[in-house]
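Residue strings, one per chain:
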Amino acid sequence: MLVSPPRRIVFLAYDDMNLLDLAGPLQAFATADRLSQAAGAPALYQTVIASIGGGSVMSSAGLAVDTQSVATLDAAGIDTLIVAGGCKGEEFTVSPRLAGWIAENAGGVRRLCSVCSGAFVLAAAGQLQGRRVATHWAWVERLRQRHPDVDVDADALFIHDRGVWTSAGVTAGIDMSLALIEADYGHQIAIQTARQLVMFIKRAGGQSQFSVPLAAQARDDGNFAALHAWIAAHIDEDLSVARLAGMANMSLRTFVRVYAATVGRTPAKTVEAIRMEAACRALESSTLPLKAICKKIGYAEEQTLRRVFLRNFGVNPLQYRARFSQRAPL
């Protein structure tokens, strides 16, 4: 039987990078490889950490990382190139040598990837024009201003657009790596890797960088933080707009107006989003039937859950569970 050689994953490092932007994805690929070999299967990945000059690279956390020079790499042998993010200060300065090396060698690489503000490096190398990309929420506007030809999604955890993968901040790089592993070797090895990493869930790329209450708080400066926490804690109860207005100590008309102006959506949309978040967690981490999940999140009928899932995610609840459940058999 012909055995395919392990895929070569090269991580590009530089001074002041975020350590977890590199170490998180690196560990995900190493774990998938270890699981495969422990089961008597061939190695899946060969990982390399490289930098422009080689040698020791100092992360922003103060821990040095040993690297080899990109001059020693055969670009044609690189399957996946991943650029870490991170910098000191509020401006991201891209090394011209690093961007130049990527621009010169990107054509020989099957997949280009970035974690967090590493998207600035790929953009400077001319690899993101006309593409939809993700980055850390705190860097979205600066990436848009510096590269107006790039479609920056402020919400997504990670995005795949025509061979280029970009992810949001820090731990989202692990989510992206799990998706890359799934694309390479299937759902089961990705789920097993997520379990070994003690990931609560293997989150889909279309999921938000924030939980629903956290995202709402970011929009409203915390004015409705207590209400959102209360909704999440009473998700199985009556959450009519009238009841929410009473919890906020406002008249119904005032509450609807102030809430929409502050949060940017209606109270009903927030309730639906929090219920969907709870439903996703239940589908991913339990084997509860849909009827029980509906009861837990305050829906009287399964059809309501199916309809809301289709509207929000484009799939029904069982299809979502089949793709993202942690309870899939080993």
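All values reported here derive from a predicted model rather than from experimental measurement.

Rules of the game
Residues numbered from 1 in each chain as written. Predicted model: local features only at pLDDT ≥ 70, side-chain atom pairs only at ≥ 80, totals over all residues. Heavy atoms only, no water. Buried < 20%, exposed > 50% of the residue type's maximum accessible area, 1.4 Å probe, protein only. Helix = DSSP H or I, 4+ residues; strand = E, 2+ residues; numbered from the N terminus. Pairing = 2+ DSSP bridges. Right-handed = clockwise from strand over helix to strand, strands pointing away. Polar contact = N/O pair within 3.5 Å; in protein donor to acceptor, adjacent residues only side chain to side chain. Contact = heavy atoms within 4.5 Å. Core = buried A, V, L, I, M, F, W, Y, C linked by side-chain atoms within 4.5 Å.

Chemist: Give me the pairing of strand S5 (residues 80-83): which residues, what numbers.
Modeler: Residues of S5 alternate between two faces, with Thr 80 and Ile 82 on one and Leu 81 and Val 83 on the opposite face, all of them buried. Across four bridges, strand S1 (residues 7-12) lies against S5 in parallel orientation. Among the inter-strand pairings, Ile 9 is bridged to a residue of S5, identified as Thr 80. Here four bridges tie S5 to strand S6 (residues 111-115), and the two strands are oriented parallel to one another. Directly across from Val 83, in S6, lies its bridge partner Ser 114. Handedness of the crossover is the feature at issue here: the chain leaves S5, passes through helix H2 (residues 96-105), returns alongside S6, and the resulting connection is right-handed.

Chemist: Requested: an account of the side chain of Thr 80, with residues and values cited.
Modeler: Its location among the elements puts Thr 80 in strand S5. Under the relative-accessibility criterion, Thr 80 is labelled buried at 0%. At a separation of 2.6 Å, a polar atom in the side chain of Thr 80 contacts the side chain of Asp 79. When residues no more than four places from it in sequence are discounted, the contact partners of Thr 80 are Arg 8, Ile 9, Val 10, Val 109, Arg 111 and Cys 113.

Chemist: Describe in detail the nonpolar core, supporting the description with residues and values.
Modeler: With 64 residues, the main nonpolar core has Leu 12, Leu 81, Trp 101 and Ile 102 as its most contacted residues. For Leu 12, the residues in contact, after removing those within four places along its chain, are Ala 50, Val 70, Leu 81, Ile 82, Val 83, Ala 84, Leu 98, Trp 101 and Ile 102. Phe 224, Ile 231, Leu 239 and Cys 294 belong to the second largest nonpolar core, which has 29 residues in total.

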